[in-house]
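Each chain is listed here by its residues.
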Amino acid sequence: METIACPDCDLLQRLPGLPPGGKARCPRCNRILGSQPTDSLDRALALTLTAAIVFIVANTSPLMGLSAVGRHASTTIVGGAYQMWLQGQVVTAIIVAFCAVIAPASYILFMLTVLLAMRRPPAPHWVGEMLRWADSMQPWSMSEVMMLGILVALIKIAELATVEPGIGMYGVGGLIVLFAAIMVTFHPREIWERIEWAEGSAPPRSDRGAGR
Amino acid sequence: MAENFDRDDLPRATVVPKRGTRISIVWIIPILAAVVAIGIAIQRVMSEGPTITILFTVAEGLEAGKTFVKYKDVNIGQVTAVKLSTDHSKVEVTAKIDKSAGDLMVEDARFWVVQPRVTLSGVSGLGTLLSGNYIGFELGKSKKAQRKFTGLEVPPIITGSQPGRQFMLKAENLGSLGIGSPIYYRQLQAGQVIAYDLTADGKSVQMKVFINAPYDKYVNRDTRFWNASGVDVSVGAGGVEVRTQSLVSVVAGGVAFDTPPFAVKSETAATDSVFTLHSDKTTAMKQPDAISTHYVLHFTETLRGLSVGAPVTLLGLPAGEVTDVGLTIDPATMNVRGRVEIVSFPERLVAHLGQNKAAIDKMVQASAQGRQDIMRRMVEQRGMRAQLRSGSLITGQMFVAFDFFPNAPKPKIDWSREVPELPVVPSTVSDLEAKITGIVAKLDKLPLDTISADLTKVLTTLSQTLEDASKAVNRIDSDVTPGLKTTLEGLRGTISAVDRTLTSTDATLVGRDAPAQQDLRDALQEIARAARSLRILTDFLEQHPEALIRGKSAENP
Amino acid sequence: MTSAPLTAAEAGLLSCETCALLSRPADPSEPGYCPRCGGELEWRRHHSIQYTWALVIAAAICFIPANVLPVLSSTTLGSVDSDTIMSGVVFLYTSGSWPLALIVLIASVMIPLGKLVAIAYLLITVQRGSISSSRERTRLYRMVEFIGRWSMLDVFVDTFTVALIQLQPLMFVEPGPGVLFFAAVVVLTMIAAESFDPRLIWDSPTNRERLHG
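Here's a quick rundown of the structure. (Residues numbered from 1 in each chain as written. Chains lettered and ligands numbered in written order. Predicted model: local features only at pLDDT ≥ 70, side-chain atom pairs only at ≥ 80, totals over all residues. Heavy atoms only, no water.)

1. Here's the deal with the nonpolar core
Considering soluble globular proteins, one finds that nonpolar side chains tend to be buried as a cluster.
Right, on to step 1. Within the largest apolar cluster, 124 residues are counted, with the highest numbers of intra-cluster contacts made by M152 and F156 of chain C.
Right, on to step 2. If one sorts the elements of this core by residue count, helix α3 (residues 90-118) of chain A sits on top with 16 residues.
Right, on to step 3. Setting aside its immediate chain neighbours within four residues, M152 of chain C contacts I95, C99, M142 and V145 of chain A together with V186 and V187 of chain C.
Right, on to step 4. Core analysis: the second largest hydrophobic core is formed by 23 residues, L314, A319, L388 and I413 of chain B among them. (Core = buried A, V, L, I, M, F, W, Y, C linked by side-chain atoms within 4.5 Å. Buried < 20%, exposed > 50% of the residue type's maximum accessible area, 1.4 Å probe, protein only. Helix = DSSP H or I, 4+ residues; strand = E, 2+ residues; numbered from the N terminus. Contact = heavy atoms within 4.5 Å.)

2. Brief notes about a nonpolar patch on the surface
All names here are of chain A.
Right, on to step 1. Judged by side-chain polarity, Y82, W85, L86, V90, V91 and I94 come together as a nonpolar surface patch covering roughly 600 Å² of accessible area.
Right, on to step 2. Counting residues per element, the ones that place at least two in the nonpolar patch are α2 (77-86) and α3.
Right, on to step 3. Judged by relative accessible area, which is 45%, V91 ranks as partly exposed. (Patch = residues over 30% accessible without salt bridge, like charges linked within 9 Å, V, L, I, M, F, W, Y side chains within 5 Å. Areas by Shrake-Rupley, 256 points an atom, 1.4 Å probe, with all protein chains shown as cover. Salt bridge = Lys/Arg side-chain N within 4 Å of Asp/Glu carboxyl O.)

3. Thoughts on the pairing of strand β19 (residues 274-278) of chain B
All names here are of chain B.
Right, on to step 1. Residue alternation in β19 divides its side chains into a buried set, F275 and L277, and an unburied set, V274, T276 and H278.
Right, on to step 2. As defined by bridge partners, strand β15 (residues 224-227) adjoins β19 across 2 bridges and the pair is classed as parallel. Along β19, the bridge assignment pairs F225 with L277. (Pairing = 2+ DSSP bridges.)

4. Overview of the packing of aromatic side chains
Right, on to step 1. In this structure the tally under the stated criterion is 12 aromatic pairs over all chains.
Right, on to step 2. Arranged with centres 5.4 Å apart and planes meeting at 45°, the rings of Y107 of chain A and F179 of chain A form a pair that is tilted. Separated by 72 residues along the polypeptide, Y107 of chain A in helix α3 and F179 of chain A in helix α6 (residues 167-185) bring together distant segments of the chain.
Right, on to step 3. We classify F179 of chain A as buried; its relative accessible area is 6%.
Right, on to step 4. Ring centres 5.6 Å apart and planes at 45° place the aromatic pair Y141 of chain C and F196 of chain C in the tilted group. Separated by 55 residues along the polypeptide, Y141 of chain C in helix α4 (residues 134-147) and F196 of chain C in the loop between α6 (178-195) and α7 (199-202) bring together distant segments of the chain. For the pair shown, Y141 of chain C and F196 of chain C are each scored as buried.
Right, on to step 5. Feature note: the residues F167, Y185, Y218, F225, F257 and F275 of chain B constitute an aromatic cluster, connected by ring pairs.
Right, on to step 6. Sitting above the plane of the Y134 of chain B ring, K70 of chain B keeps its charged end 5.0 Å from the centroid. (Phe/Tyr/Trp six-rings, centres within 6.5 Å; stacked < 30°, edge-to-face > 60°. Lys NZ or Arg CZ within 6 Å of the ring centre and 35° of its normal.)

5. Regarding the pairing of strand β2 (residues 12-15) of chain A
Residue and element names in this part refer to chain A.
Right, on to step 1. Direction of pairing for strand β1 (residues 2-5) relative to β2: antiparallel, over a ladder of 4 bridges. Residue pairing for β2: I4 is matched across the bridge by Q13.
Right, on to step 2. Where β1 hands over to β2, the hairpin turn is made up of 6 residues, of which D10 adopts a positive phi near 65°.

Structure (structure tokens):
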């Protein structure tokens, strides 16, 4: 419990702990003294949902359109990996597909599952496992590297053809931003604090110095 | 002044908990994203045109996601998949067509692969060497939408948007024409043959031709088309004439058209009108005869060598044509006769008239009845008859000639029949033949052996007698001599007569009981008697030479 | 208690890699699973040094063909042009886009090489029991972990160039064999960074022996 003075009316008062989303007001002059941010999980969920939508759009729309000597070409992300496959580079195609599509998709999927499961407490214990998987997928989802790669390729191609960015490109850009936002807003601690322990029981008190 | 205060006495700030489940503002982001995504999806669905499948025998250079469908050089769709059809006989190409071109996917729309090609009409599609093959498209006229098509193997000769019109030509056979064969108007290429097929009855070939603008306006109802393939050689009074339209037409066949000079200004022919393809320019430009009358002729002689289209002449000038050659059998009597149907074109004869041309022309043009009158008078009063004649001894071709036979028997013609029958006379050829056959037969039958044997005997006796007689004459020179002389004169006359008779065999030898033959026999018998009596006289004179002086006495019989 | 900072391992406690819960092991040799999140508890990443060495060596082997073999061959009207990573960089530089050349050079050559060297260095120093500049080494490790993914750049450039430039017969592009090795280098070094346990940097030699096994 903190002691503060209202900036407006200088009333000396105690500031209690606030629930998430709650606000403290001065009893005398009703000025807002402080607010507790809402459950960060909400924000993370909103962002993850958006990421899911944007991901679908980014992968189903063509990345860009290219025209040269009267011919046109365009490709999606999956199309790019598929071309490598067709050209005989099977392993490379798989790697590219994994880093560009599968890893981000899995990350989004796992995060969504975790976040949605957390809305109905108590969170089941498998949430933890899912979060671990999401975490392991994270270093492998290289959407931003791919973006830069596409841009470099575009610049190389732009010399001999006219290139037009497509919806897919903007989608990937949006996805990168969203991923960054998710990583910023999401605090795993929120999960760990609320999760139902694998052992089934409530979190025990921490035991200091135990084991020695 | 610092005051000691107990913190617990201080008031507490009011805690205002989160009101209900107020939705945080952050949810705008996913909602926005969802709206945009749905908008994109809807736009994509709305702008999607139909998906079509085209069956090709070979899909050369067609790649999914790359090959376009183009119309007038504008992309109207793209190939999305290329795979074998279920029965593995053809290639099934799936293409997504732009929405803007969706309405063009109708029943008779045509698709083909545009690739470099060399055809009769030239080289096409070279641009695809650079740009890659694409699928060409041509409009169809139908209104019925369709999604499954069969691609053409070769590009259509004419495209729907090309200005010009289509017509049909009918010919007996295709000749050396083919798809792409050029069509000329005054030696300018005006169009092409685009398709051909056998007519339903299998008796002629029908060709579809396309005449480009602006030449199509020269095709009117009187226009004639003729086969101008190859080289046209004609030998005429002026010498040998060689005509050809173009090198292409020599190789690939060609058709030419023009409007004959005698055609009055007639209206332009409607699209898809049918024209006859004549075999050459002369036939094509022949003026049709407006007035024609049909007649039938019956012949008892052979009609071999008479073909349909053979000329009918009057006094050697063209007057009509043979239209049919056949037989009639009278079932009752089993009498078989040859039947020839002819058509007469009086205008042709009128063209040859010198004076009175206008007057006769007027009569001819006047009415059918008038023409019939003319015909009747010529047949009944002037003895006009039809006769088969040989046109060429080499080919054996015959023709029908009308000529005047004043001595011909009176005909019985029923002029009221629709196709009157005209009288005929047998042809001279057969007449001569018959005569010769008859003479040969008769000559065969003559007992020439007997006659010649008799003749030899008589001649021998005669020569003997004459010898004796000349002996006798040398010895005597008296009154007996005048008698003898007379007998000798008479004998000489008889011999001359016999001589004469023998030289004119023609009339005298005809007929077994011909009077001449009988005369000959009589004459020969006479000679024999004369010779005998002369011998008796000579013998007597030898024995009784004084008889010449004294005469025959009673005592010497 | 000694004055040196205490590590959890020295205190006999295990920190769950996933949820950071400190817990007592079920058994010192078989620590068991995290009670909160169920993740496997390990003193240090499984056979960290061995695995990391194996992966680094494999990556180093792949590094040679990755740079020697061509990664892209473009055929223009029949004439074929094969490019390795280095020749691609040179081409970009000579054709005037030197920023691109720089980016590709850093991402495709220097970073992978740097990673290999850095991880090798970390391994060597850990194995030698060095205790100096531990903070710098940890920072190096974090850098390696962070920057690793960016070497995948050239693979993506290759992929999308190939996907777009297919204008037969005028011009078309094919990936070369080098690109597979290059992708392998990136993947292997990333896994190597994951399998290296940075806590080893801070372990005293005796503890490391005990923990690493």
